[in-house]
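Residue strings, one per chain:
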Amino acid sequence: VVGGDHHHHPSSTTAVQQRRSCKRLRKSVMQQVQSAHKLIKDNTEIAYFYVAELCSGNRGSGKSNALTPAKLCSILNEYGPHLRINEPVSSGGLFLVELCRAQRTTEHVVWKCCQQLIRHYGAAPSVNKSTHESSNGNCQLTALCVA
């Protein structure tokens, strides 16, 4: 273009860049969903591991490794926001059950942590473990009853 203003529109530049990306490295929509699902499952497993470590009371000595609502929220926020709180992890545990089984802490702290999990992270106290297991199981207890 002679004598005229020739300047690129930003959206046309990104369209050109998208066309030039390597097709071999592109993921289909199905692959993107599968990757996102795997990431959520992995993050849930990691978060559960750290919550279980806090609840066991065995890590180190002193109160620095004790369960507190702030530490619970810190773990869940670090690996969230999309965690499968109401689904059993690979070991079969549920977050609410793990909190209720916490050792070396007070009932008040356990209560506060359960409140946080239910109110702010969508944990359902009525979820029962048997709905995620084989249908021939005759136990229909909820997460809080199991604890």
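As the structure is a prediction and not an experimental result, all values here were calculated from the model.

Cut-offs and rules
- Counting from 1, residues in each chain are numbered in the order their sequence is written.
- It should be noted that, the model being predicted, local features are given only for residues of pLDDT at least 70 and side-chain atom pairs only at 80 or more, the latter also being counted only at that level, while totals for whole chains, interfaces and linings use all residues.
- Note that the side-chain values use all heavy atoms of the structure and ignore hydrogens as well as water.
- The helix and strand labels rest on DSSP assignments: H or I over at least four residues marks a helix, E over at least two residues marks a strand, and numbering proceeds from the N terminus.
- Buried residues are those whose accessible area, probed at 1.4 Å on protein chains only, stays under 20% of the maximum for their type, while exposed residues exceed 50% and partly exposed ones sit between those limits.
- By definition, residues are in contact when any of their heavy atoms lie within 4.5 Å.
- For the accessible areas, the method is Shrake-Rupley and the probe is 1.4 Å, while residue cover comes only from the protein chains on display.
- Our working definition of a disulfide is a cysteine sulfur pair at a distance within 2.5 Å.

Draft legend 1. Spotlight on the overall build of the protein chain. The number of helices and strands found in the protein chain is six helices and zero strands. Going residue by residue from the N terminus, the α and β elements of the protein chain occur as α-α-α-α-α-α. Expressed as a percentage of its 147 residues, the buried residues of the protein chain come to 27%. Restricting the contact set of the protein chain to residue pairs at least 6 apart, pairs at least 24 apart contribute 62%. With the model as given, the accessible surface of the protein chain reaches about 10,400 Å², and the carbon-plus-sulfur share is 54%.

Draft legend 2. Main features of unusual backbone geometry. Omega for the bond connecting G80 with P81 falls within 30 degrees of zero, at 10 degrees, which places this linkage in the cis form. Position of P81 among the secondary structure elements: in the loop between helix 3 (69-79) and helix 4 (95-100). The backbone of R104 shows a phi angle near 55 degrees, a positive value even though the residue is not glycine. One can find R104 in the loop between helix 4 and helix 5 (107-121). You can call R104 exposed: its relative accessible area is 63%.

Draft legend 3. Layout of the state of the cysteines. Evaluated as defined, the whole model comprises zero disulfides. The thiol of C113 is not disulfide-bonded; the next cysteine sulfur, from C114, is found 7.1 Å away. Overall, the relative accessible area of 0% leaves C113 in the buried class. For C114, which is in no disulfide, the shortest distance to another cysteine sulfur is to C100 and amounts to 3.8 Å.

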